[in-house]
Amino acid sequence: MPKVIKKVLPHLVLIVYVFIILFPFVFVLLSSLKETNDQIVTAPFGLPKKLMFENFADAWSQAKISRYFFNSAYLSLSAAVAAILLSAMTAYAIARMRLKRMSKIIYQFILLGMLIPGNVLFIAQYILVQKMGILNTHWALFLPYTAGALPFSVLLIVAFMKAIPQEMEEAAIVDGLGVIGSFFRIILPLTVPALVTVFIINLLGNWNEYLLSNFFISKDNLRTLPTGMVGFRDAFQTSYPLVFTGIVISVLPILVIYAFLQKTIIEGLTAGGVKG
Amino acid sequence: MNKTLRNPYVYLLFVLPTIGLYGLFFIYPVIQSAYYGLTDWNALTTANFIGFGNFERAFQDDDFWISVKNNMFFILFSVFLQVPLIILFSLLISGVKRLQGFYKTTVFMPSILSTSIIGILWGFMYHPSIGFFNKFLSWFGIEPIYWLSDTKWALLSILITNAWQWMGFYIVLVLAAILAIPKEINEAAEIDGATGFQRAVRITTPLIMPVISIVVMLSIAGAMRVVDIVLVMTNGGPAGATEVMASYMVNKAMKYGEYGYGTALSIMIFAIALLLTAIYQIVFARRQERVEY
């Protein structure tokens, strides 16, 4: 084979693949800027005649996407922060404090949770949430999201904290720092890389979660983006540009974050993916 | 020093919230599931203990076994179609110098998006009148196909969407393994006259077998868990053609209020997942030689 072909062929194959990946996004973006269904039906891939940025304003206000967006944002953030805080504290107790036997038992106990695939507990969690009287409130998502993140987060943070040398902490404690001070001032700052990984995994997981959000919340005002958007699609079936606009709005923030943090996100998620 | 790090009050303060929340949302539901699964509890009546009645029913529930079969299609599709493609694309990406970062970032992108949004988006790609696929077919004069509402096409349509979303994730995993292989090995082979194709098949692929094994494991686990995309795109229809185990279980509980039977189904799902993992470990993973370099 001539050298040129050898060099170009892989790119050709890969460009086709990249095209397949990007294609749906282009379709959605073009459609979201069109004025009528008609324009989408007759020429799905034609450029919009007039750029309808009004669609975005309409979808944002009229269709409550702003509401869903806000719900998703604060739920995923708060649950991810809570999970990090809880698991970092527990990981510190397990990895750094000197109650070894107790720690071993607790560690094994928490890791049991990794064996249980999420869906399997769906019904029992639904009943639990119902009994607690928090069905149809954001607690019904916040608590399971936080709890669901714990086993994996503890696992990852423990591994990281164990690798921090003893001497730093010892010196600080000899100088009179208490155990809580040592946690916040010495160990936590050193654990930041692991915390970032865990945070990204949890944040994206919460932001994208569908099953619980769909069945634990039925009030429209409390919905998150993934479920709100499905309701939106079903309600506005006949107004394609608006639905497409909704899709663009819900995908855009993630893509913007991804553009800036791609390396961290890819590393974090692949490390997290191996957890299953 | 030792005393400070042995402070039991701080220890409890650090550990108890996690154990409480984890116990409430993991351990307690596990115990409850074991109990509910043995009752005929539904939305209308109180729970009566019926022993293994639910499991007997599940074994005879044809609709459930159709959903199990559909999960198997997910597994077959990902192991026999996606995995070879994943290896091919990772080899290709690892071989190029220019645009490598661009390819990696782009193919990974769909896996960070919400499955539900992707389901909506692809629902429009498959749309009978405005969808891309029918538009494409119409250029060749082929009649529109009702992708998601035709029993012949619905499952395949979902499988393709699922592959579109997740392949990039695995490609990045495999790519990382390929790039971690020491350059000397390939250079030595090149000096010995091995062509690029020979090196890919004889050297790189065997060396990344451990990662491929992980990818297969993850694909199986993912295929067992699949539910969001089905609920969003077809909700199991048409006529159960795309029903998967999890969607069947969820619908039994949420649509018909059959909590007892639904819970028994979720225990079955767990058991089937364990069984498959065990079979995979025994048949394939053990044969794997450890690669050291």
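Residues numbered from 1 in each chain as written. Chains lettered and ligands numbered in written order. Predicted model: local features only at pLDDT ≥ 70, side-chain atom pairs only at ≥ 80, totals over all residues.

## Points about the overall build of chain A
Of the regular secondary structure elements, chain A holds 13 helices and zero strands. Along the chain direction, N to C, the helices and strands of chain A fall in the order α-α-α-α-α-α-α-α-α-α-α-α-α. Relative to the globule expectation of 19 Å for 276 residues, the C-alpha radius of gyration of chain A, 24 Å, shows a markedly less compact shape. When the 276 residues of chain A are sorted by exposure, 46% land in the buried category. Taking contacts inside chain A between residues at least 6 apart in sequence as the whole, the part at least 24 apart equals 73%. (Helix = DSSP H or I, 4+ residues; strand = E, 2+ residues; numbered from the N terminus. Rg over C-alpha atoms; globule rule 2.2 N^0.38 Å. Buried ≥ 20, exposed ≤ 12 C-beta atoms within 10 Å, placed from the backbone. Contact = placed C-beta atoms within 7 Å.)

## Brief notes about the overall build of chain B
Scanning chain B from N- to C-terminus turns up 13 helices and zero strands. In chain B, the order of α-helices and β-strands from amino to carboxyl end is α-α-α-α-α-α-α-α-α-α-α-α-α. In terms of overall size, chain B is more extended than a compact globule, its C-alpha atoms giving a radius of gyration of 24 Å where 293 residues would be expected to give roughly 19 Å. Projected onto its principal axes, the C-alpha coordinates of chain B cover approximately 80 × 75 × 35 Å.

## Concerning the interface of chain A and chain B
One frequently used descriptor of interface size is the decrease in accessible area upon assembly of the parts. Taken together, the contacts link 74 residues of chain A with 71 residues of chain B. Ranked by residue count, the leading element in the side of chain A that touches chain B is helix α13 (residues 240-273) of chain A, at twelve residues. In terms of residue class, the side of chain A that touches chain B is built from 56 nonpolar, 14 polar and four charged. (Nonpolar A, V, L, I, M, F, W, Y, C, P; charged D, E, K, R; others polar.)

## Some remarks on the domain arrangement of chain A
Residues and elements named next belong to chain A. Domain annotation for chain A reports domain 1 (3-52) and domain 2 (58-273). Using C-alpha coordinates to define each centre, domain 1 is positioned 34 Å away from domain 2. The partner domain 2 presents six residues to the nine residues of domain 1 that form the contact. Per-element accounting of the side of domain 1 that touches domain 2 gives the leading share, four residues, to helix α1 (residues 3-32). (Domains from an automatic or database assignment.)

## Here we look at helix α4 (residues 100-108) of chain B
Of the residues making up α4 of chain B, those classed as buried are Y103, K104, V107 and F108 of chain B. Buried residues of α4 of chain B fall within an arc of 115 degrees about the axis and therefore sit on the same side. (Arc of directions from axis to C-beta.)

## Observations concerning unusual backbone geometry
Residues and elements named next belong to chain B. Despite not being glycine, L99 has its phi angle at roughly 65 degrees, a positive value. Overall, L99 belongs to the partly exposed group, with 15 C-beta atoms counted inside 10 Å. A positive phi is found at A239, a non-glycine position, where the angle reads about 50 degrees. Mapping A239 onto the fold places it in the loop between α11 (228-233) and α12 (245-254). When the 11 C-beta atoms within 10 Å are taken as the criterion, A239 is described as exposed.

## Examining the environment of Y256 of chain B
Residues and elements named next belong to chain B. Among the secondary structure elements, Y256 is positioned in the loop between α12 and α13 (259-283). Of the residues examined, Y256 has 12 C-beta atoms within 10 Å and is grouped as exposed. Spatially, the C-alpha atoms of Y256 and N42 are 8.1 Å apart, while their sequence positions differ by 214 residues.

## Comments concerning the packing of helix α7 (residues 139-162) of chain A against helix α10 (residues 192-208) of chain A
Residues and elements named next belong to chain A. Put simply, α7 and α10 touch, their axes get as near as 10 Å, and they point 160 degrees apart. Considered as vectors, α7 and α10 are oriented roughly antiparallel to each other. When the axes of α7 and α10 are compared, the crossing they make is right-handed. Taking contact as the criterion, the partners of Y145, A149, S153, L156, I157 and F160 in α7 are, on α10, A194, T197, V198, N202 and N206. Here the contact of α7 with α10 is composed, by residue class, of seven nonpolar, four polar and no charged. (Axes fitted to C-alpha atoms, helices over the stretch in contact; angles between N-to-C directions. Parallel < 35°, antiparallel > 145°, perpendicular 65-115°, else oblique. Left-handed = near helix turned anticlockwise from the far one by under 90°.)

## Quick notes on helix α9 (residues 179-190) of chain A
With twelve residues, α9 of chain A extends 15 Å between its outermost C-alpha atoms, agreeing within 8% with the 16 Å of an ideal straight helix rising 1.5 Å per residue. Buried positions along α9 of chain A lie against α4 (65-96), α7 and α8 (166-174) of chain A together with α1 (8-36) of chain B. (Expected span 1.5 Å × (residues − 1).)

## Structural notes on the packing of α7 of chain A against α1 of chain B
In the contact formed by α7 of chain A and α1 of chain B, the axes pass within 9 Å of each other and the chain directions differ by 105 degrees. In this view, α7 of chain A runs roughly perpendicular relative to α1 of chain B, as classed from their interaxial angle. Two secondary-structure elements touch here, α7 of chain A through L143, P144, T146, A147 and L150 of chain A and α1 of chain B through T18, L21, Y22, F25 and F26 of chain B. Of the residues that constitute the contact of α7 of chain A with α1 of chain B, the class distribution is eight nonpolar, two polar and no charged.

## Remarks on the nonpolar core
Core analysis: the largest hydrophobic core is formed by 159 residues, its most contacted members being Y92, I157 and I247 of chain A together with I171 and V174 of chain B. Lining this core are residues from two domains, each supplying at least three of them: domain 1 (3-52) and domain 2 (58-273) of chain A. Once residues within four sequence positions are removed from consideration, I247 of chain A is found in contact with V28 and M229 of chain A together with I117, I120 and L121 of chain B. (Core = buried A, V, L, I, M, F, W, Y, C linked by C-beta atoms within 7 Å.)

## Quick notes on the environment of S213 of chain A
Mapped onto the elements of the fold, S213 of chain A is located in helix α11 (residues 211-216). Its 26 C-beta neighbours within 10 Å are what place S213 of chain A among the buried residues.

## Quick notes on the environment of F73 of chain B
Residue and element names in this part refer to chain B. Tracing the backbone through its elements, the reader meets F73 in helix α3 (residues 62-95). Residue F73 is classed as partly exposed on the basis of its C-beta count, with 16 C-beta atoms lying within 10 Å. Residues F73 and L159 lie 86 residues apart in sequence; the distance between their C-alpha atoms is 8.5 Å. Apart from the residues within four sequence positions on either side, F73 is in contact with L155 and L159.

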